[in-house]
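Overview (structure and organization)
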Amino acid sequence: GQIAEVNLDAIDWLAGVSRAIQRGFLITVDYGDVSPLLYAVGREKGTLRSFYKHQLIDSPLDRVGEQDITASVNFTALMEYGRQADLETVSYERQVAFLLRMGLVELIEEREDKSPSRQELAERLALKNLFVPGGVSDNFRVLVQRKVSRFGGE
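As a starting point, this report considers the structure included with it. Here the structure is a predicted model, which means the values were calculated and not measured. (Residues numbered from 1 in each chain as written. Predicted model: local features only at pLDDT ≥ 70, side-chain atom pairs only at ≥ 80, totals over all residues. Heavy atoms only, no water.)

Once that is clear, we can look at the side chain of Q67. Turning to its location among the elements, Q67 is positioned in the loop between β3 (55–57) and β4 (68–70). Assessed through its relative accessible area of 10%, Q67 is described here as buried. Engagement of the side chain of Q67 in a polar contact is seen with the backbone oxygen of P60, the distance being 3.2 Å. A polar side-chain atom of Q67 sits 2.7 Å from the main-chain carbonyl oxygen of D62. Not counting residues up to four positions away in its chain, the partners in contact with Q67 are S50, F51, Y52, I57, S59, P60, L61 and D62. (Helix = DSSP H or I, 4+ residues; strand = E, 2+ residues; numbered from the N terminus. Buried < 20%, exposed > 50% of the residue type's maximum accessible area, 1.4 Å probe, protein only. Polar contact = N/O pair within 3.5 Å; in protein donor to acceptor, adjacent residues only side chain to side chain. Contact = heavy atoms within 4.5 Å.)

Now the structure itself:
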């Protein structure tokens, strides 16, 4: 009785990225979650959804070609297939936690201007909105994977 979306292209994408880099990191930022949460009770209809003019639309077949159709990323799959493609999971966390850990608050403070322009105020507000509980940033996750060598080094 469960509907689930499966992104088969993600497997080839991970393999291609892994082949393209000899060393370094792959950072994936998107909305989604790990399998136990994506396929939990209450999610029997899957995560497929559509947006039209920033509004959630019930039917993905309405307004074909005029609306965005999307589904949540299965980060468990990215981690598992990443391992097979020599990509080791370094971290997986909510976007807010990642931004805090990377020092975004400190960067905002450094840019504080005593008399900011309208543009600077708009940018500051947009940055602060990333931290609003229940906001759009709550749904985004960040997966950091590191390329590992099959020959014992990084």
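There is more to say, and it comes next.
Examined against the element boundaries, T70 turns out to sit in strand β4. Relative accessible area serves as the criterion here: at 18%, T70 is assigned to the buried category. Looking at T70, its side chain comes within polar contact range of the side chain of Y31, at 2.4 Å. Other than its neighbours up to four places away in sequence, T70 contacts Y31, T47, L48, R49 and F51.

As a further point, take the sheet that holds strand β2 (residues 49–52). Pairing within the open sheet is antiparallel, and its three strands lie in the order β3-β2-β4. Where the open sheet ends on each side, the last strands, each with one partner, are β3 and β4. Averaged over all pairs of adjacent strands, the angle between their axes in this sheet comes to 35°, without regard to strand direction. In the sheet, β2 pairs with β3 via three bridges, with the strands oriented antiparallel. Each bridged residue has a counterpart across the sheet, and for F51 the counterpart in β3 is L56. (Pairing = 2+ DSSP bridges. Axes fitted to C-alpha atoms, helices over the stretch in contact; angles between N-to-C directions.)

On the secondary structure map, D68 appears in strand β4. For D68, a relative accessible area of 55% corresponds to the exposed category. Along the sequence, D68 and A10 sit 58 residues apart, while their C-alpha atoms lie 19 Å from each other. Residue contacts for D68: discarding those within four places in its chain leaves R49, S50 and F51.

As enumerated under the stated definition, the model contains two aromatic pairs in all. Considering the side-chain rings of Y31 and F140, the 5.6 Å spacing of their centres and the 85° angle between planes classify their relative orientation as edge-to-face. Taken as a pair, Y31 in strand β1 (residues 25–33) and F140 in strand β7 (residues 140–147) lie far apart in primary sequence, 109 residues in all. The aromatic ring of Y52 is capped on one face by R63, whose charged end is 4.4 Å from the ring centroid. (Phe/Tyr/Trp six-rings, centres within 6.5 Å; stacked < 30°, edge-to-face > 60°. Lys NZ or Arg CZ within 6 Å of the ring centre and 35° of its normal.)

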